[in-house]
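# Descriptive structure summary
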Amino acid sequence: MSPALANFLFEAVNFLLLAAALGWILFKPVRGALEREQQRQATHDDEQARLREEAESLRDEARTVRANAEHEAAARRDELLAAATREADRIVAMARRDAANEKRALETELANRQAGEAAALTDTLARITADSVRRLLASLAGPDLDAALVRAACAEIEQLPSASRSGALVESARPLGATSRESLEHVLGGAFEQRVVGELGAGVRITTTAGQVDATAASIARQAAAAIKTRNITADAPRVTAADG
């Protein structure tokens, strides 16, 4: 072996030994550093994953809170809308009720006014009728009218019990004629008390214990006025039809 080759081999062996020694000496720290870096990277990755999970959780929670807030806002909006609708309905109902009450009040006032006017008109018509009948009877006043009214009174007296006829009071507008007196004495069962009352107009008014029979011009006038009032009241009374009932 030549000295150069031997020297080369010796240096090569020394290099390998030195490389092996240096590799052995430096491998452990490098490996530890690598392991620490890997561990740090793993820890960093875990922290990033945890942060991502927390971010996702916070985002989901924010979405839930926002959804709940929107739901509550919608429910509150619906509640306010329903309350506003109820209040509007109440105001409309009150307005309708007030309008109906006002209408009824006006109708009642109008009906009362019409009834008052009708009553006043009826009273006026009754007075006119009574005055007309009174004037008519006054124009016909005379023995014939008195006799006719006495006969009418006697017919009514005959309907009374006999025991109640005695002691009667007979009032007339003028002294009775003989025929009329005889008719009254016959139906009354004897003498009676007589009184002259000029405002009776004509005829007689007989008062007994069983009641009074009024066959005078004044009574006829009153009856005519009462008939006019009764007829007008009946005509003004509301009529109930099948549709109303």
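Definitions and limits used
Residues numbered from 1 in each chain as written. Predicted model: local features only at pLDDT ≥ 70, side-chain atom pairs only at ≥ 80, totals over all residues. Heavy atoms only, no water. Helix = DSSP H or I, 4+ residues; strand = E, 2+ residues; numbered from the N terminus. Buried < 20%, exposed > 50% of the residue type's maximum accessible area, 1.4 Å probe, protein only. Contact = heavy atoms within 4.5 Å. Areas by Shrake-Rupley, 256 points an atom, 1.4 Å probe, with all protein chains shown as cover. Arc of directions from axis to C-beta. Patch = residues over 30% accessible without salt bridge, like charges linked within 9 Å, V, L, I, M, F, W, Y side chains within 5 Å. Salt bridge = Lys/Arg side-chain N within 4 Å of Asp/Glu carboxyl O. pLDDT = per-residue confidence, 0-100. Pairing = 2+ DSSP bridges. Axes fitted to C-alpha atoms, helices over the stretch in contact; angles between N-to-C directions.

With that settled, the discussion passes to the overall build of the protein chain. The secondary structure content of the protein chain amounts to four helices and four strands. Each helix (α) and strand (β) of the protein chain, taken in turn from the N terminus, gives the series α-α-β-α-β-β-β-α. Buried residues in the protein chain amount to 20% of all 245 residues. Here the contacts in the protein chain between residues at least 6 apart in sequence split such that 64% fall between residues at least 24 apart. Carbon and sulfur atoms provide 60% of the accessible area of the protein chain, an area that totals close to 17900 Å².

In an α-helix, one full turn covers 3.6 residues, which means residues spaced three or four apart are oriented alike. Listing the buried residues of helix α3 (residues 178-188) in full gives Ser180, Leu184, Val187 and Leu188. Buried residues in α3, looked at end-on, bunch into an arc of 95°, giving them a common side. Summarising the geometry of α3, the exposed residues directed more than 90 degrees from the buried face are Ala178, Thr179, Glu182 and His186. Here the buried face of α3 lies against α2 (143-157), β1 (169-172) and β3 (203-208). One or two steps after α3, the chain reaches Gly189, where phi turns positive at roughly 80°.

What follows is about a nonpolar patch on the surface. A cluster of nonpolar side chains, Leu5, Phe8 and Leu9, forms an exposed patch at the surface whose accessible area comes to about 290 Å². With respect to the helices, strands and loops of the structure, Leu5 is situated in helix α1 (residues 3-139).

Glancing now at the confidence of the model for the protein chain. When the pLDDT values of the protein chain are averaged, the result is 79; 83% of them are 70 or greater. Predicted confidence in the protein chain is weakest over helix α4 (residues 217-236), with a mean pLDDT of 72, and strongest over β1, with 91. Low confidence marks residues 237-245, where pLDDT is under 50. Its contacts with residues over four positions away, or in another chain, come to two contacts.

Another point: the pairing of strand β4 (residues 211-216). In terms of strand pairing, β3 meets β4 through six bridges, oriented antiparallel. Across the sheet, residue Arg205 finds its bridge partner in β4, namely Asp214. Between β3 and the antiparallel strand that follows it, β4, lie two residues.

As summarised here, the arrangement of the four strands in space is β2-β1-β3-β4, forming an open sheet in which the pairing is mixed. At either end of the open sheet lies a strand with only one pairing partner, and these are β2 (193-196) and β4. Averaged over all neighbouring strand pairs, the angle between strand axes comes to 15°, with direction disregarded. Direction of pairing for β1 relative to β3: antiparallel, over a ladder of four bridges. Paired with Ser172 across the strands is Val204, a residue of β3. Seen against the sheet, α2 touches β3 and β4 and runs at an angle of roughly 25° to β3.

A complete count under the given rule lists 13 salt bridges for this structure. With a closest N to O distance of 1.9 Å, Glu56 and Arg59 form a salt bridge. Of this pair, Glu56 and Arg59 both sit in helix α1, three residues apart, which is roughly one turn of that helix. Here the residues in one salt-bridge network are Glu171, Glu193, Arg195 and Arg205, joined through shared partners.

All right, on to the side chain of Asp146 then. With respect to the helices and strands, Asp146 occurs in helix α2. The class of Asp146 is buried, set by a relative accessible area of 13%. Look past the residues within four positions of Asp146 in its chain and what remains in contact with it is Arg174, Ala202 and Gly203.

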